[in-house]
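Spelled out from the first residue to the last, the chains are:
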2 protein chains.
Amino acid sequence: MEKLELLPLKDIHLDDPFWNKYTRLVTKQIIPYQWETLNDRIPDAEPSHCISNFQVAAGLKEGTFEGAVFQDTDVAKWLEAVAYSLSYEPDSSLEKTADEVIDLIGKAQQPDGYINTYFTILAPEHRWSNLREGHELYTAGHLLEAAVAYYKVTGKDKFLNIMRRFADLICDVFHQEKYSRAVPGHQEVEIGLIKLSEVTGDRKYMDMAKDFIDRRGTEPNYLVSEHKNPLWFSIFKDVKPFLPEYSQCHKPVREQESAEGHSVRATYMYCAMADLAAAYDDKELFQACERLWNNIVERRMYITGGIGSSGAYERFTTDYDLPNDCNYSESCASIGLALFSRRMAQITKNGKYIDAMERALYNTVLAGIAMDGKSFFYVNPLEVWPGNCLSHTSMEHVKPVRQKWFGVACCPPNIARTLASLGEYIYFRKDDDLWVNMYVSGETAFRTEKGTVTITQNTRFPFEGMVHLHIASDTSRPFRLALHVPSYAANFTLTAGGVRIQPEIKDGYAYLEDHFADTDITITFDMPAHFTYAHPDVRADAGKTAIEKGPLVYCLEEADNGDHLADIYINTKQPLEETYSETILSGTCIIKAKGKKISAGGWDGQTLYASQPPVLEDVDLQFIPYCYWDNRGGGEMSVWMKYLI
Amino acid sequence: MEKLELLPLKDIHLDDPFWNKYTRLVTKQIIPYQWETLNDRIPDAEPSHCISNFQVAAGLKEGTFEGAVFQDTDVAKWLEAVAYSLSYEPDSSLEKTADEVIDLIGKAQQPDGYINTYFTILAPEHRWSNLREGHELYTAGHLLEAAVAYYKVTGKDKFLNIMRRFADLICDVFHQEKYSRAVPGHQEVEIGLIKLSEVTGDRKYMDMAKDFIDRRGTEPNYLVSEHKNPLWFSIFKDVKPFLPEYSQCHKPVREQESAEGHSVRATYMYCAMADLAAAYDDKELFQACERLWNNIVERRMYITGGIGSSGAYERFTTDYDLPNDCNYSESCASIGLALFSRRMAQITKNGKYIDAMERALYNTVLAGIAMDGKSFFYVNPLEVWPGNCLSHTSMEHVKPVRQKWFGVACCPPNIARTLASLGEYIYFRKDDDLWVNMYVSGETAFRTEKGTVTITQNTRFPFEGMVHLHIASDTSRPFRLALHVPSYAANFTLTAGGVRIQPEIKDGYAYLEDHFADTDITITFDMPAHFTYAHPDVRADAGKTAIEKGPLVYCLEEADNGDHLADIYINTKQPLEETYSETILSGTCIIKAKGKKISAGGWDGQTLYASQPPVLEDVDLQFIPYCYWDNRGGGEMSVWMKYLI
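Residues numbered from 1 in each chain as written. Chains lettered and ligands numbered in written order. Predicted model: local features only at pLDDT ≥ 70, side-chain atom pairs only at ≥ 80, totals over all residues. Heavy atoms only, no water.

A. Local environment of the interface of chain A and chain B. Contacts between the two partners involve 68 residues from chain A, matched on the other side by 68 residues from chain B. Carbon and sulfur atoms supply 60% of the area buried between chain A and chain B, which totals about 5,700 Å² over both sides. Summed over the three residues of chain A that lose the most area to chain B, namely His 392, Arg 539 and Tyr 609 of chain A, the buried surface amounts to 16% of that side. In this assembly, chain A and chain B are joined by 2 salt bridges. Between Glu 636 of chain B and Arg 539 of chain A there is a salt bridge, and its shortest N-O distance comes to 2.8 Å. Seen at the junction of chain A and chain B, the total is 30 residue pairs in polar contact (both at pLDDT 80 or more). Only helix 13 (283-299), strand 15 (530-534), strand 21 (609-610) and strand 24 (641-643) of chain A provide two or more residues apiece to the side of chain A that touches chain B. Of the residues that constitute the side of chain A that touches chain B, the class distribution is 33 nonpolar, 21 polar and 14 charged. Pairing analysis gives 2 bridges linking strand 21 of chain A to strand 15 (residues 530-534) of chain B, with the strands arranged antiparallel. Looking at the pairing, Tyr 609 of chain A lines up with Ala 534 of chain B of strand 15 of chain B. (Contact = heavy atoms within 4.5 Å. Buried area = accessible area lost by both parts, 1.4 Å probe. Salt bridge = Lys/Arg side-chain N within 4 Å of Asp/Glu carboxyl O. Polar contact = N/O pair within 3.5 Å; in protein donor to acceptor, adjacent residues only side chain to side chain. Helix = DSSP H or I, 4+ residues; strand = E, 2+ residues; numbered from the N terminus. Nonpolar A, V, L, I, M, F, W, Y, C, P; charged D, E, K, R; others polar. Pairing = 2+ DSSP bridges.)

B. Representation of the packing of aromatic side chains in the model. Residues and elements named next belong to chain A. Taken as a whole and judged by the stated rule, the model has 58 aromatic pairs over all chains. Measuring from ring centre to ring centre gives 6.0 Å for Phe 492 and Phe 525, while their planes differ by 50 degrees; the resulting arrangement is tilted. A residue pair is termed long-range when its members are at least 10 positions apart, and Phe 492 in strand 10 (residues 492-496) and Phe 525 in strand 14 (residues 518-525) qualify at 33 residues. Comparing Phe 492 with Phe 525 shows no difference in burial state: the two are buried. (Phe/Tyr/Trp six-rings, centres within 6.5 Å; stacked < 30°, edge-to-face > 60°. Buried < 20%, exposed > 50% of the residue type's maximum accessible area, 1.4 Å probe, protein only.)

C. Looking closely at the relation of the copies chain A and chain B. Once turned by 180 degrees and shifted 0.1 Å along the axis, chain A lies on chain B with an RMSD of 0.1 Å. What the rotation and shift describe, once combined, is the action of a two-fold rotation axis. A symmetric contact is evident, with 100% of the interface residues of chain A recurring at the interface of chain B. (Least-squares fit on C-alpha atoms with pLDDT ≥ 70 in both.)

D. Quick peek at the sheet that holds strand 7 (residues 451-459) of chain A. Residue and element names in this part refer to chain A. The 7 strands lie next to each other as 2-6-7-8-14-10-11, forming an open sheet whose pairing is antiparallel. The open sheet has two free edges, formed respectively by strand 2 (12-14) and strand 11 (499-500), since each of these has just one partner strand. Pairing geometry for strand 8 (residues 466-473) and strand 14, over 7 bridges, is antiparallel. In the sheet register, His 470 faces strand 14, and the bridge partner there is Asp 520.

E. View of unusual backbone geometry. The residue after Phe 461 of chain A, namely Pro 462 of chain A, is reached through a cis peptide bond having omega 0 degrees. Within the secondary structure, Pro 462 of chain A is located in the loop between strand 7 and strand 8. Here the phi dihedral of Ser 329 of chain A falls at roughly 50 degrees; this positive angle occurs in a residue that is not glycine. By the secondary structure assignment, Ser 329 of chain A is in the loop between helix 13 and helix 14 (331-348). Of note, His 564 of chain B is a non-glycine position whose phi angle comes to about 60 degrees, a positive value. Here His 564 of chain B is to be found in the loop between helix 18 (558-561) and strand 18 (568-570). His 564 of chain B sits in the buried class, given a relative accessible area of 14%.

F. Focus on the pattern of salt bridges. Residues and elements named next belong to chain B. Per the counting criterion, the structure on display carries 81 salt bridges over all chains. Its salt-bridge partner being Asp 319, residue Arg 299 comes within 3.2 Å of it at the nearest N-O pair. A residue pair is termed long-range when its members are at least 10 positions apart, and Arg 299 in helix 13 (residues 283-299) and Asp 319 in the loop between helix 13 and helix 14 (331-348) qualify at 20 residues.

Structure, rendered in structure tokens:
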């Protein structure tokens, strides 16, 4: 199965008014801050212990392991983000620090290649005995991803070789008879092994990933009965019995019809399935990917690209079950959805996957991080009343304001590595052809066998729909340029060299073919703010509407509209007014609308129920992009609102 | 502080078309069924182990303790329900069985008076070492209540004497220096001690209850630091730190401003506080009761009388936080609210407390039991979509259909004892005067110093508003008859001997004074079905209305209205049509209305979000009393519904 390729990140130089706000945070704020965190030098944050754990495991200092069983992954994701950041902002001092961390990881590697500070320090004899909870393979996967990223950007192979030794050990162990049915409790190593296989050309790592995927959910079910192993010991002290759906091992992956269980585990697995389907030309596996992706996007995804609607167990529930106030919708799960969707687009050249990828990136992933880069959402509700987000209640998981970096922190470094690798979402190539998925200003050059292509984007997307592209090429033959036509902008005009043209449109891309020696292209998408309605089976959104503009979902915030947002009805018969404000939220397009609001007039604090209907009063409403919420002091927020019938 | 008295249950003979459906279930169905359960003779139910535990503790058989730490309370509540049932349906065989159980309890009593099968069998040296979780005093309280009830109805004092010995031990232990600050983790013993004091006339039990209440929440906080006791051992394996609010020990009870924490613990404590306020003429304590009751009824109570809106920890959350689909609203908590409200009415003679009591009894308490008496709700949502009530999700606690009796079952026997003691809610007396709180057909006679009064009620309340009362009396002086005028029926007409009269109205009671030698009184309440709206601060109910008729809250059910109840808008401008149906639900008043429903037409299974607003179609709606829901095969249910603006 053909698969479009990503461009090397070091060839992509972004400089975009919308995205700079975030990508520059990665280098200026997140990476330095997380480095302090990993070293336990942030006075008012919970200690991470990450570097300390590696030092203890390496025998460089006395002490014990501290933190969660998957604590090493914070170092891995930090290194991965550092690698990506060096591609667009070289920093020799940072690179030196990363090299030192890599040296440390090497020293903590055991003679047989094993790396995991929890098991090395606390329970060496229990290695691989609790895959359900132990996260050894999950941790290995993140380290593998980091090693591949570091090699690709810097060309240095030390980390890659360290991890290749570990991968060799994994291949050996998991082909032993006693582990011949074993699978990871939290999928991720599959992605790492596939990337290692791609960069080294050694198919055995890919085969190992395929084995993990093929074994999963088959009988006898390894994860279900693993605790009978005498070496097994409980790590999470879970009272409830293990639910196979939680780890997507309830049936063989090829037979899975709907997205089930923990949404991060699920999407990471789907990523590996898509990669393997392409690598092995496995149509059955690919059909499973299509089915699972369709199930998510057609039935189980928030308008913000959030997934995993149960507050408990961070998991998928059932079709159309999308409560707005008590959901989990973890930032990492939307990253997983973006990664999965990107792979599906690479295989199919179908822009619908890019639409979903953008939905996740522009809304939930960006909402996950504050505009100052200092605090993060793990849980991403679409409606917040801070008053009922109380600890020791069923709303405990919902935080009405972003949280500082935690001792156990999967989302912040995951958001960092995602932002730092934004270029990988923007372009695909195959041979001489180029696909433009996202409109982000910057200059990119890539080499083909026939020559070099340079593409420059200049746009104020997504606040404006016009994109100027300049393409220069010295290639000897014409090639195809595919421009994503998002589903939210079916109407568009396209000019090449000032002449309006009607390109071929296929599966959400406009295809142009030319030498593009020196060509100016302007594509203008018609993407005004508009009302969106959810399928009537989504009970939580019945009688409600949301506002979208391009890839952005908008929301009401208390800062603009007062509290009691649930009391608002919007008038959908009145036009929406769009205005760009330089001052609000460092520059954003805001949207104004008219509506009515239930008045508290006539009610006192003594009457909870009355037979008199409440009175409505006229209100002016103002909306901001959902990704920007909670950057002005907390308060209520709502994406969906009632509309006047 | 004066406190109105309850009439002896054995003087109250009810025979009511509405209530017979339930009170007869207690004798015909629940008591015999629970007896089989307590003896582990129900093949498809989880074993209870209750009787077995007492046999083991008594040394009558080999074995160990099984079940929850508070398992003994199932026996206690069963005995209490048996006692009440014997007052209106004498049954010598049942009484003999009860006597045998009482003998068994006596044999399980330890030489010093102690009774608790968990600690006696499993951890005798750990007695009283974990009051936070151990439930020893909670269990003692329920046994005390049962013993007092059994004595009052049967006149037999064996059980009372057994429990008095245990109460003596409790008084001794909890006045020792090392327990001088100790309080129960789950309040209930206070109620039992107060009842024991009232029936024996021995004030020391009342004093012990008062000590427990006065100590609570004072520093140093016993429950907060109890685990430092070397004998303490964890029973519930809770990972989270103890939250003082959960057990209402976050501050002294007199300083508590709002209802906090576990709602059953809270209301049982408030009952004791009210009793003690009256007994000790303690105005400060009474003011705390008023404050806490107001906080519940004005800010934290569902229209159904449900309380405790957090699905986790069965607890109160914050003012106006009343989500309809994921709440807990335990049946036992509404029983607690009814018990607390009744006590407040006894002290104040204010009918507003009866209004709340009725709200809890007629709606949540009755909803807690199926019309065949064989299954029960513990959790009482106001909106159910069975599709998302999934295990291993944040909706796990919500059961869309009633559950069979559980191994650990607080609610079913609590509902049974409540229904069996219905008479205690109907009448109060003081000297020669009589208060009628609820309109329930039946005949009641009570003696005063001056003679005997007989009152006969004849009514089809709450489906009809007319109540015929016949009062016969041979008393030598006139006395006052107070008839509750519910807040839902401000308009009424009253005739005495066929002559319309205008009685004095005070605090929700109409007062008549006469010899009532042989008097017919007819009171007709104007209580048509009507729309009710919640305070605009209740975000969950904004833009919604509910239907009430008299004390009954109505609901939409899938059986009458199809699924997707969230897609319905009711037309509040059209009149509600009331019809009594003999066939539906064994006879009920149903309500019909007009509305519109969002149509699924035009939507397919591939489109989750679209810019086209959904179409509305006309629908006829039919409502049944909330208490009757889920008696016709499950499905969706909703109390609150959107209304057309």
